[in-house]
Amino acid sequence: MTDIPKSHPRFTSLTQREKLVEGLRQGIVVPQGLIAHGRGEMFDYLLGERTTKEARAASRAAATLFLKAKRPVISVNGNVAALCPGEIVELSEASGAKIEVGLFHRTDDRVSKIQKVLEEHGAKGVLGFLPDARIPGIESMRALCSKDGIYSADVVLIPLEDGDRAEALAKMGKKTVAIDLNPMSRTARSATITIVDEVTRAIPELVRNVEVLKDDPRAAKRALSQFDQKKNLAKAMASMSANLKSFLDR
Ligand code: ATP
Ligand code: MG
């Protein structure tokens, strides 16, 4: 990895790029994943590279959905595995959710490499290598999933998901929690709850909320009942727009 000085103003962003490039070298990330990250970076720049109040509210509601779920599953792709494997395992442990590898560009080799990375961070029973079910309405390899995982899940966390799959999961009647920096994407708009935040900030925030709300059912109930997905997405867009406008006067 290229050595980036900690004092660099863009340290976090540059370190993430290094992680993705390293993931590409290891065969975890695909080149298309780098482009998808670039799209995310652009929206994060608009957001001010911070976790907004709206994202925190969405995260609390999402944590409640996870705590209420009977069969929660976390879907993991190459970028997520390269950026925050340890945090994914923490979320799985805190919430009791299973982890399933779900890839847009699926090969057995890539699934097994991602599974290995997750296991190195303590994950157990990672699903996805031997898919035995299909998501209806999706063609090709992208439909493949596990009967014991995503197929029979009631709540699915879909960080950096593709719009087709996000829409198909919603059509299956599942509750979905998207983590997506683009509030305009099909994924963001078809999810039950969308956390408009960068995934490496969003997952630890979700872990914290699961841990806190586990012991506070009243606060958990309130977080979910007060949450309005449409309004929350509108606020995320308003945040970006206000940030952009503030540059006009500088
Ligand atoms: P959709 O398929 O939902 O219509 P899209 O085709 O524009 O959206 P994809 O390339 O399918 O987007 O998925 C990548 C999405 O993930 C983008 O919306 C991007 O903003 C988001 N994204 C990329 N990197 C990150 C990240 N590190 N954290 C959060 N979101 C990210
Ligand atoms: Mg897409």
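Residues numbered from 1 in each chain as written. Chains lettered and ligands numbered in written order. Predicted model: local features only at pLDDT ≥ 70, side-chain atom pairs only at ≥ 80, totals over all residues. Heavy atoms only, no water.

Chemist: Where do I start with the packing of aromatic side chains in this structure?
Modeler: Two numbers describe a pair of aromatic rings. These are the distance of the centres and the angle of the planes. Inspection of every chain in the model, using the stated rule, returns zero aromatic pairs. Residue placement shows Arg-250 over the ring face of Phe-247; its charged tip is 4.1 Å from the ring centre. (Phe/Tyr/Trp six-rings, centres within 6.5 Å; stacked < 30°, edge-to-face > 60°. Lys NZ or Arg CZ within 6 Å of the ring centre and 35° of its normal.)

Chemist: Quick question: what am I supposed to make of helix 11 (residues 229-246) here?
Modeler: One full turn of an α-helix is made of 3.6 residues, so residues set three or four places apart face in the same direction. Helix length check: helix 11 (18 residues) gives 26 Å between terminal C-alpha atoms against 26 Å at 1.5 Å per residue, within 8%. The complete set of buried residues in helix 11 reads Gln-229, Asn-232, Leu-233, Ala-236, Ser-239, Met-240 and Asn-243. Axial view of helix 11: buried residues confined to an arc of 110 degrees, hence all on one face. Facing away from the buried side of helix 11 by more than 90 degrees, the exposed set consists of Lys-230, Lys-231 and Lys-245. (Helix = DSSP H or I, 4+ residues; strand = E, 2+ residues; numbered from the N terminus. Expected span 1.5 Å × (residues − 1). Buried < 20%, exposed > 50% of the residue type's maximum accessible area, 1.4 Å probe, protein only. Arc of directions from axis to C-beta.)

Chemist: I'm lost on unusual backbone geometry in this one. Help?
Modeler: Backbone geometry follows two general trends: most residues other than glycine have a negative phi, and most peptide bonds adopt the trans configuration. In this structure, Glu-49 takes a positive phi of about 50 degrees despite not being glycine. In this fold, Glu-49 is placed in the loop between helix 2 (31-47) and helix 3 (53-68). Here the phi dihedral of Leu-160 falls at roughly 55 degrees; this positive angle occurs in a residue that is not glycine. In this fold, Leu-160 is placed in the loop between strand 5 (155-159) and helix 7 (163-171). Accessibility expressed as a relative area gives 31% for Leu-160, which makes it partly exposed.

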